[in-house]
Amino acid sequence: MPKDGQGSSSAYVEVEFEHQKRRTRARPKELNPVWNERLVFSVSDPDDLPYRAIDVGVYNDRAAAPHGRNFLGKVRVPAAGVPAPGEEVVPQLFTLEKRSLFSHIRGEITLKIYRTNSGEVVVKSSKQEKPVKAVVSGPEVVAAPPVNGGKKQQHQQPVVAVQPPPAPPQQQNQQPASQAPMDMMPPPAPAMMKPVMLADPYNPAASGVFSSGPGDFSLKETRPRLGGGAAADKASATYDLVEQMQYLYVRVVRARGVAAAVGETVAEVKLGNYRGVTAPAAAAAAHQWDQVFAFSKETIQSSFVEVFVRARGAGGGNDDHVGRVWFDLSEVPRRAPPDSTLAPQWHIMEDRKGERGAAEVMIAVWFGTQADEAFAEAWHSKAAGVHGYGPLGSIKSKVYVAPKLWYLRVSVIEAQDLIPMDKGPMAIGRYPELFVRAQVGSQMLRTRPAPVAANRGPSSPFWNEDLMFVVAEPFEEFLVLSLEDHVSPGRDDVLGRLVVSVSSIERRWDEKLVVSRWFGLDRGAGGGNVASGNTNRFGSRVHLRLSLDGGYHVLDEATAYSSDLRPTGKQLWQPHVGVLELGVLGATGLIPMKARDGRGATSDAYCVAKYGQKWIRTRTVVDSVCPRWNEQYTWEVFDPCTVITVGVFDNCHVDKPASGNTTLAVRDNCIGKVRIRLSTLETDRVYTHAYPLLMLHPSGVKKMGELHLAVRFCCGNAGNMFHAYVRPLLPKMHYIEPLLVRQVESLRFQATNVVAARLGRAEPPLGREVVEYMLDHRSHLWSMRRSKANFFRLVTVLSGPITIGRWFELVRSWNRPVHSCLAVFTFLVFVTMPELILPTAFLAMAFTGLWRYRVRPRHPPHMEMRLSHADAATVDELDEEFDTFPSSRGDVVRFRYDRLRSVAGRVQTVVGDIATQGERMQALLSWRDPRATLLFSIVCVLAAVIAYTIPMKVLVGLWGLYAMRPPRFRSRMPSPLMNFFRRLPSKADSLL
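Residues numbered from 1 in each chain as written. Predicted model: local features only at pLDDT ≥ 70, side-chain atom pairs only at ≥ 80, totals over all residues. Heavy atoms only, no water.

**Student:** Explain the overall build of the chain to me, and be specific about the residues and the numbers.
**Tutor:** Each helix and strand in the chain was counted, giving 13 helices and 36 strands. When contacts within the chain are restricted to residue pairs at least 6 apart in sequence, those whose partners lie at least 24 apart make up 72%. Just so you have it, the chain exposes about 49,800 Å², and 57% of that area is on carbon and sulfur atoms. (Helix = DSSP H or I, 4+ residues; strand = E, 2+ residues; numbered from the N terminus. Contact = heavy atoms within 4.5 Å. Areas by Shrake-Rupley, 256 points an atom, 1.4 Å probe, with all protein chains shown as cover.)

**Student:** Tell me about unusual backbone geometry, and please be specific about residues and values.
**Tutor:** Looking along the chain, the bond that leaves Glu473 and enters Pro474 is cis, with omega of -10°. Structurally, Pro474 is set in the loop between strand E21 (462-472) and strand E22 (478-488). Cis geometry is found at the peptide bond from Glu763 to Pro764, where omega equals 0°. Backbone geometry at Glu18 places phi at a positive 55°, although glycine is not the residue there. Counting through the fold element by element, Glu18 comes out in the loop between strand E1 (11-17) and strand E2 (20-23). Unlike most non-glycine residues, Asn630 shows phi in positive territory, near 50°. Judged by its relative accessible area of 0%, Asn630 is buried. (Buried < 20%, exposed > 50% of the residue type's maximum accessible area, 1.4 Å probe, protein only.)

**Student:** Run through a nonpolar patch on the surface, naming residues and quoting values.
**Tutor:** Together, Trp814, Val824, Phe827, Leu828 and Val831 line one region of the surface with nonpolar side chains, adding up to about 500 Å² of accessible area. Relative accessible area serves as the criterion here: at 45%, Trp814 is assigned to the partly exposed category. (Patch = residues over 30% accessible without salt bridge, like charges linked within 9 Å, V, L, I, M, F, W, Y side chains within 5 Å. Salt bridge = Lys/Arg side-chain N within 4 Å of Asp/Glu carboxyl O.)

**Student:** Could you give me a rundown of the UniProt feature "transmembrane region" (unreviewed entry) in the chain, with the residues and numbers involved?
**Tutor:** In this numbering, the UniProt entry assigns the feature "transmembrane region" (unreviewed entry) to residues 791-808, 820-847 and 934-962. Secondary structure over residues 820-847 splits into 86% helix and 0% strand, and the C-alpha atoms at its two ends are 24 Å apart. (UniProt positions renumbered as here; feature names shortened; annotations may be inferred.)

**Student:** Which residues make up the sheet that holds strand E23 (residues 491-501), and what values do they have?
**Tutor:** If you walk across this open sheet you meet the 4 strands as E20-E19-E22-E23, and the pairing is antiparallel. In this open sheet, the two strands that pair with only one neighbour each are strand E20 (443-446) and E23. Across the sheet, the mean angle separating the axes of adjacent strands is 20° when strand polarity is ignored. Across 10 bridges, E22 lies against E23 in antiparallel orientation. Paired with Glu484 across the strands is Val494, a residue of E23. (Pairing = 2+ DSSP bridges. Axes fitted to C-alpha atoms, helices over the stretch in contact; angles between N-to-C directions.)

**Student:** Let's hear about empty space enclosed by the protein: which residues, and what values?
**Tutor:** Considering all chains together, one arrives at 11 cavities of 30 Å³ or more under this definition. Counted as a void, the largest cavity has a volume near 230 Å³. Lining of the largest cavity is provided by 18 residues; of these, Leu405, His553, Val554, Asp564 and Gln613 occupy positions nearest its centre. Looking at the lining of the largest cavity residue by residue, the class counts come to 7 nonpolar, 5 polar and 6 charged. (1 Å grid on protein atoms, 1.4 Å probe; cavity = no way out; pocket = protein on both sides within 12 Å on 5 of 7 lines; lining within 4 Å. Points joined across faces, edges and corners; volume = space filled by probe spheres on them. Nonpolar A, V, L, I, M, F, W, Y, C, P; charged D, E, K, R; others polar.)

**Student:** Outline the packing of aromatic side chains, supporting the account with residue identities and numerical values.
**Tutor:** One pass over the full model with this rule turns up 19 aromatic pairs. Between the aromatic rings of Phe649 and Tyr773, the centroid separation amounts to 5.7 Å while the plane-to-plane angle is 85°, which identifies the pairing as edge-to-face. Highlighted residues: Phe649 in strand E33 (residues 643-650) and Tyr773 in helix H5 (residues 768-775), separated in sequence by 124 residues. Since its relative accessible area comes to 0%, Phe649 is described here as buried. On the basis of relative accessibility, which here comes to 17%, the residue Tyr773 falls in the buried class. An aromatic cluster of at least three residues, connected via ring pairs, comprises Tyr247, Tyr249, Trp366 and Phe375. A cation sits over an aromatic face here: Arg23 above Tyr12, 3.7 Å from the ring centre. (Phe/Tyr/Trp six-rings, centres within 6.5 Å; stacked < 30°, edge-to-face > 60°. Lys NZ or Arg CZ within 6 Å of the ring centre and 35° of its normal.)

Structure (structure tokens):
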């Protein structure tokens, strides 16, 4: 940090160890000082070394004032982590810390700390090492001293920064993108050391492979140049959460004046070594292509761009040259939205001899950014190796809208005038087991067998049972019901069939029942709805109540981290409370997922984000383990207590031939995902972090890389925001007519299948494996690892009451007389003046919440390896977790094994729910949700005033009367306090 008043500092370092002080020389007027000095300290007691620390302070030397200096930062290094004599010594980089709350400090310092034997003579080395820098600009690649005699290390890994400050303009881009990072080994992770970033998180040359140390699984804050920095154009007003990427756009529209003998033509755009070709256009189509080519400015290696028009040779021969036109890049205009699209112009083409002919081509050429409208559908130079319509379509960025889901309720009441199919001697004396089987698409349910009733015969069964299905708009399916008689094992006779179109079923929005109807059954083989036009007055019929319930929210995600809680009916929606903006910047250190001939191991990564009904998919960056997407998306937020899910996948359709064997399904590989709860974000603050991508494999947990995101949550109306905290979490119908737990899990599974089927019909399709991974469809299955994680969450929640019990036992033991006397005195005060109990408790909680505001969480939650208990899972537990359901481990144990897993899955869910409730109690004063803690603190102050004003006996009497009020004066809807509590965040969305 510059401290001399002239934009610079004259920094020196002062080190203190066991009352010994040493200092370096001051480096005048240098914000990136290089000292390269060795300071030696004597150790009085080597056995006491693990309990000592090394204090390093950085100061600005003010030569004008005697003994004057400015504080620039400090570092406290535990001596326990200092390498012993003979061990490998590596440089360690530390973030400078503040001395007090009001200190303005930034920067990092690199130290090389080691121990020597007392008999060795320590002198200053005559051979100068490479410079060691105290980095205050960033991000940049920093040189480090050579290790092991300057030999290149294996597994070179740049250490990653936590919070690098922005660099001055003259210090940016000190290393070309093509230059490899300097050799640097990751330092050993001491107890107090945080990993720091030296390399640009989006520079592929400076990314490398990440360390496997414990610090690599943490969340790291980054400082990208969002919106283009100081040189941002007016497009940054919309794209201010991503880094600007410059592109050269070439739009080839059509050609005219081509010879009549020419059949199909293609346009070829050539820029340096990059070559893009349009699809063939026939003469009947007026030689029209209308295709846009985008060349990244980073890859431009030529001063001009050429456009060729060629006649496609017959029989696969060489293409004939029709004409050529070229443009000087220095004369190409620059365009930025919201400017209108650049109008294409006609250009006369040159033949092979350079002479102007009669043929013309309509072209538009301009420089722009990723904010350009043509960016999404353009051919990109980085995908030059991808050919064919299918693979090219699968790498483009798209926005998907999931279908609107409805619950279809089929209430089977009774049937009349049934005629049995079996009239043989075996049917005499057998009471029929009649049931109704219903099917919608691939979903099939059945009722229980009709019970035996004294006032009903076998031909008039009675069920009064509800069957629930999930259907999606537009309604294309049919409801098929069949009334069957279970004659013997493996034999069910159909007594009648009914087919009803789902689109003709009545819709309802509240608890009012729709009118039930009698439907005639068809005994024919074809089936059909014969309710109208049935000439047989005595035909079999069934009594049904069919309705599409729009008052529910169809759950396709787990409730703990759902992204949408609105009912299906749009007329029941509340106004939105804010806007969520997501900038998908890029990823670093991705593990290669495939190998290509001549190019080694690589990945074709793309990103998918899901919030509400809107799914987004970024473009695929081909052949890169450090992709840069820099795409920004926006969602309307109707409930702040929701979660956005962002996943990274490897595109396996890139290598798929355009026309070939399509019998084998191609599945994209999952790399990892991140969940962010919106209520944990401060309003209008931009969060830029590198999230670890953790993936659970049968061999254990593995870090697949890091995903760099920029997130901002904007609130339009604070009143609506705070009011959302006291609204019911789910729509009204979930409390008026609640669904059973087994129904919720079954319907969620059906909803996942419906969403996957509909998104798989888009172009490009979103694979079923992507949808299932984003919706976490296996979260309800039994897992020993997840059960242990939920158990330890519960233990953490119960640690508070256990601590209070231990404190009470300590008071009773009188081991600390003063402590026990104060406790007894406080108890006597509350006994004599009970009106102080509630005010004191509420004020204590309110002031505790306000006091914890200083240490509130500054970063959003992320996937935690230790919380998920992934680091301690055994191979057998992981094998059980990745097993299919039903089990595929053998027929002998399948039945008992699946039964155990089914029961244990429910226990796992219950334990997780208990832990969630406890974590919500802890979240009241933790400022994890800043709005909820502020609202709770205000309510506590008001409750303290009310409790102080009204006598305790009156409050207790009113509370007792309110709790024992008659059912007529009660509501089946949850109270505002319960609604507020259920909206508090928990750690469920941080579990793998």
